[in-house]
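Coordinates in review
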Amino acid sequence: MLFLLLIVPLTTSLLFWTVRESVRTINIINATGSAILFAVSLLNLKVVLEQGKITSDFFGGIFYIDSLNGLILFATTLVSLLISIYSIGYMNEEYKRSLVNIARLRLYYCLLHLFIFTMILTTITQNIGVMWISIEATTLASAFLVGFYNNRKSIEAAWKYIIICSVGIAFALLGVILLYYSSVISLGQTVQGLNWQFLNDNAGSLHSSILKIAFLFILIGFGTKVGLAPMHTWLPDAHSQAPSPVSALLSGVLLNTAMYGIIRIMTIVNKNMGNSQFTGSLMIILGLVSIGAAAVFILVQQDFKRTLAYSSIEHMGIIALGIGISSALSIFAALFHIINHSLTKSMLFAASGNVYLKYDTKKISKIQGILKVMPVTGTVFLLGIFAITGMPPFSIFTSELGITISAFKEGKYLAVGFLLAFLVLIFAGFSSQMLRMFFGKPHKDHGIGEMNRITPVVLLILLAIITVTGIYLPSFLEKLIKSAGDIILLVH
Amino acid sequence: MLNRFIDLVLQIVLVLLVAPLVNGIIRKIKSTIQHRKGAPVLQLYFDLIKLFKKNMVISQHSSWIFIAAPYIYFITVITAFIFVPVVPQLFSFGFIGDAILVVYLLALGRFFLTLSGLDTGSTFGGMGSSREMMISSLIEPSLIITIFTLGLSSKAGSTAFQAIYEGNAKLGIGVISPIYLLLLAAMFIIIIAETARIPVDDPSTHLELTMVHEAMILEYSGRYLALMEYGASLKQLILITITANVFLPFGNSVIPELGLVFPILIYLAKVIVITVIIAIIEINTVKLRLFSVPNLAALAFILALLGFMSGFVFGR
Amino acid sequence: MDKLAPLLNIFSVGILISTFSLVASKRIMSYIKAFRIQSLILAAVAAIFSIYYLVEENRLEGIFIIFLLTVVFKVIYIPSMLKRISVRVEYKVEKDFFINIPISIIICCGLVILTWYVVSKIPELNNGYNGSFMVQSVSVILIGLFFMISRKKAIGQIIGFLVLENGTFLTAILLTSGMPMIVEFGIFFDLLTAVLIMGIFVFRINETFEHIDLNKLRNLRG
């Protein structure tokens, strides 16, 4: 059951090469593959909820699911399913306009599922080394997706993406080496030496000073992939130049998986030191810097996909902040925020993809009257903007509120002050820049109506999910988040 | 006293005999690798003998410096060799004369060499002199740091070569260590820069844009040219000898039973090893533009500095 | 393992020296050559370890395969691939660096000193030879990063990345005498793929922009 999680996306990705001409077959393989994947992940989650964790003996137990990565896995597969269905609508439209031919379509889907495969590998491994390998592999699988359009801007974005992420992640490798070194000198050389369970169980006997350095390097390395400022510079470029479904996956899933890597290592360091002061303060500072940097750039942004990309940096900052505060409430809220952000942001990128296809531009100033031209996309996009800036009744409001309250309770007044100020700025940025796209008359006649039936349905499903979870949290999700929080807080 | 004098004479004779051989070996290796037949190994000896027999052409515009410089250059190099022991058996001078004296004797020789380049007032001479001064001023700090570090690291507490050798002989296989590796790398760059070899200078060309050493001695002929060439080749041998005896300290300690011939053979073997390495470096590099020489000099300086630091800062 | 430490120390200094000569070289061909030498020394380090395991413990470790992979890819394949690329994209010989070379070398020396300073503050790392291993290999990583920053051409950045990667491998081999095998292989193939993809992108950049001067890639800002 565990291995199906890896086998399904890999087979799906290979199956595309058997298709010769038919776009329809490609679409069917794509939809079935991701649906099966989602089903498999639900089955695995059920086991996790019942038994607490899934382990296997493969290579000293490198695969391992507990509620923490179960949660990330849930978000990954859910967003992957919805986005790969959205891809059908999006890529069909591009195919119809002959922007892509069948070979490139095949390549696109193949890489898309390979990308999903690498992200799932990151999620379900507990071996820090394998985690590093798969995070680097996500970069490699998605580099061609970012540069998919092969024009000047997308190639520049892809180059920046692969170089900055590879360099960042090389620092994480140094961190992983140091972590392993500390495990070797205190626990001897074992195959399990990099397994999270093993390290966490023996955290007390590791050397704190080496762990601290290791955590710093890993935070910088994986933090580059998460998009924490000041290592975020690849993110707006890659997100804005990639095809919109890929942007949605990058923002909605990839960032979470890297964040998951940081969280895993953080728990080891926290357990070793007995408190979360060291890791917590680093996370809070990086989080606030990211939120602040994003706020500044959102205020002056001219390109709506870039605005959304900067908003991803902001939300990763909020998650880092919540995890850094490290109280039960803040961690619950941060983990909930991971899910909320990935759903909301993928919805927004999907909507922005529709807008881009219709208007053929990403410039905010050239777009008017989305609500008239595309009623469903426009409404979802508009509501999504309210959701992402933290308006009730959407789920992001709930989680941001949780983080704010916990920061007050923990006495982090300075942090909370900055957070609220930045959030206001971001709201101002979004509303002053983005809202004018929705009203008024379009400059040109784009033809009224949605381009197909698939994409609006996906958007509406996502909107429904984020609205419902904003008001009512399903009990299984609550249980999952709670026990994931217990893992971070080291409550057993 | 007489013994010492004999030793001195023997040493000078030895280096006078060996020095042109080094040039010959380097040229031969280069030509073999370039699939040429090349000049015989002993070519420089023939050249020197021929030059000593030839008449000289001396510019009317030149002053006494032009005539004195070859002698001064040659004599400073020979004098420097007194303080650079070649074979431990041959050296037993008690008076003070250390590595710094050697460096500045060579600098004195170079000073007159550059003056002689300027003296005739030809454009090439001036150009060569200014380039030579630039290169040497860039390379000198590295040489000084290298020598100081050698003095410190051999635990001799002295910059006299005799003491450094003895210290290194005690270290034995211990010279294969990070400090010595870094210093050796620096030393090779220094040798290349000081002896006018590729990539800093090309000894086999008279192309006006590139030549440095050849430009300075362009006006010389006959006996003076022979002295200059011989001096340059002796200076090369000094640097090679230092490198060979410091970094390959085998046979550095005096063992009376071995006599004199065996240590001399060891010395020759060491010189040939270093020579071959220099030849290989020369083949594998391309001539740098003059303005890229600072890159190489900076590299030598930093390697020497890291050598110093790895021994006396990092270790502590 | 302690018997090997002095020998390994020499080799890791050798890697540091080759890194410095890489920083000092101006032309693409000469820094490809310097990188090749560096990889050769790295391969030698791996070889020493595998011989040690073979002789002392009579088993063939994963590190032997790392040695083979290093020789095949980093000494032979990648340098010649980069040479081919740089011949194919044939741009004029022009200044390739932001910071002139003597100053870069001095900055790199500063990086070594910085690493030493940091390592000397951590007693657990600074015991015996591990301290100097750490200084040498981590400074190779930092110099690789600096090389990436200071070069404008895409190939220079790839070489910088490769140096950085060699540095991390060196750290892994010297400090932990090899990570678990599956991790080590995964890392190797990841990095190899990364370099291949970068190579492909160099071609694409050359096709779309008619140069590979990354300094002029300035479409995306803000």
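Residues numbered from 1 in each chain as written. Chains lettered and ligands numbered in written order. Predicted model: local features only at pLDDT ≥ 70, side-chain atom pairs only at ≥ 80, totals over all residues. Heavy atoms only, no water.

**Focus on the overall build of chain A**
Along chain A, the regular secondary structure elements total 19 helices and two strands. Against the compact-globule benchmark of 23 Å for 492 residues, chain A has a radius of gyration of 21 Å, which places it among compact chains. By principal-axis analysis of the C-alpha atoms, chain A measures approximately 70 × 55 × 45 Å. For chain A, buried positions account for 66% of its 492 residues. Long-range contacts, defined here as pairs at least 24 residues apart, represent 80% of the contacts in chain A between residues at least 6 apart. Within the structure as shown, chain A displays about 15,300 Å² of accessible surface, and the carbon and sulfur contribution to it stands at 67%. Side-chain charges in chain A split into 31 positive and 19 negative, and the spacing between the mean points of these groups amounts to 6 Å. (Helix = DSSP H or I, 4+ residues; strand = E, 2+ residues; numbered from the N terminus. Rg over C-alpha atoms; globule rule 2.2 N^0.38 Å. Buried < 20%, exposed > 50% of the residue type's maximum accessible area, 1.4 Å probe, protein only. Contact = heavy atoms within 4.5 Å. Areas by Shrake-Rupley, 256 points an atom, 1.4 Å probe, with all protein chains shown as cover. Lys, Arg positive; Asp, Glu negative; His and termini not counted. Charge placed at Lys NZ, Arg CZ, Asp CG, Glu CD.)

**Quick word on the interface of chain C and chain A**
With 49 residues of chain C in contact, the opposing surface of chain A contributes 50 residues. Here chain C packs against chain A, burying approximately 4,300 Å² in sum over the two surfaces, 77% of which is carbon and sulfur. Seen at the junction of chain C and chain A, the total is zero salt bridges. Inspection of the chain C/chain A interface yields four residue pairs in polar contact (both at pLDDT 80 or more). Of all the secondary-structure elements, those providing two or more residues to the side of chain C that touches chain A are α5 (129-150), α6 (154-176) and α7 (181-209) of chain C. Counting residues per element, the side of chain C that touches chain A draws most heavily on α7(C), which supplies 17 residues. (Buried area = accessible area lost by both parts, 1.4 Å probe. Salt bridge = Lys/Arg side-chain N within 4 Å of Asp/Glu carboxyl O. Polar contact = N/O pair within 3.5 Å; in protein donor to acceptor, adjacent residues only side chain to side chain.)

**Observations concerning the interface of chain B and chain C**
How big an interface is tends to be stated in terms of the accessible area lost upon association of its parts. At the junction of the two partners, chain B supplies 21 residues and chain C supplies 21 residues. Taken together, the two surfaces of chain B and chain C that pack against each other cover about 1,800 Å², and 80% of this comes from carbon and sulfur. Of all residues in chain B, N295(B), L299(B) and F314(B) bury the most surface against chain C, accounting for 27% of the area lost on that side. Where chain B touches chain C, the interface holds zero salt bridges. At the level of secondary structure, the elements contributing two or more residues to the side of chain B that touches chain C comprise α7 (178-194) and α11 (293-312) of chain B.

**A few points about the arrangement of the chains**
Between all two pairs of chains that are in contact, chains A and C come out with the most contacts. Here chain A and chain B are not in contact; the least distance found between their C-alpha atoms is 20 Å.

**Let's talk about unusual backbone geometry**
Residues and elements named next belong to chain A. Residue A229 is joined to P230 through a cis peptide bond whose omega torsion reads 0°. Note that P230 resides in the loop between α8 (208-226) and α9 (234-241). Residue P393 is bonded to the preceding P392 through a cis peptide linkage, with omega at 5°. Relative to the elements of secondary structure, P393 occurs in the loop between α15 (375-388) and α16 (395-409). With a phi angle near 60°, S326 is a residue other than glycine that sits in the positive phi range. Tracing the chain through its elements places S326 in the loop between α12 (304-325) and α13 (328-359).

**Some details on the pattern of salt bridges**
All names here are of chain A. Enumeration according to the criterion identifies 14 salt bridges over all chains in this entry. Between D66 and R264 there is a salt bridge, with the nearest N and O atoms lying 2.9 Å from each other. Of this pair, D66 sits in strand β2 (residues 64-66) while R264 sits in helix α10 (residues 244-273), and the two are 198 residues apart along the sequence. We classify R264 as buried; its relative accessible area is 0%. A salt bridge links K482 to E478, with the nearest nitrogen and oxygen atoms 3.6 Å apart.

**Looking at the environment of L321(A)**
All names here are of chain A. Structurally, the position occupied by L321 is in helix α12. Between the C-alpha atom of L321 and that of V289, which follows or precedes it by 32 residues, the distance is 10.0 Å. Ignoring any residue separated from it by four or fewer positions in sequence, one finds L321 in contact with M283, I284, G287, L288, I291, I403, A415 and L419.

**A closer look at the confidence of the model for chain B**
For chain B, per-residue confidence averages 86 on the pLDDT scale, and residues scoring 70 or more make up 96% of the total. Scored as a whole, the predicted complex attains pTM 0.90, and scored at its interfaces, ipTM 0.92. (pLDDT = per-residue confidence, 0-100.)

**Quick word on a positive patch on the surface**
Where like charges cluster on the molecular surface, the positive patch consists of K153(A), K363(A), K366(A) and K444(A). Tracing the backbone shows K444(A) in the loop between α17 (413-434) and α18 (454-471). (Patch = residues over 30% accessible without salt bridge, like charges linked within 9 Å, V, L, I, M, F, W, Y side chains within 5 Å.)

**With respect to α10(A)**
All names here are of chain A. An ideal rise of 1.5 Å per residue puts 44 Å on 30 residues; α10 measures up with 43 Å between its terminal C-alpha atoms. Along α10, the sharpest change in direction is near 35° and occurs at L250. Of all 30 residues in α10, 28 are buried; the element is thus mostly enclosed. Remark: G274 follows α10 within two positions and exhibits a positive phi of approximately 85°. (Expected span 1.5 Å × (residues − 1). Bend = angle between axes of the 7 residues up to and from the residue.)

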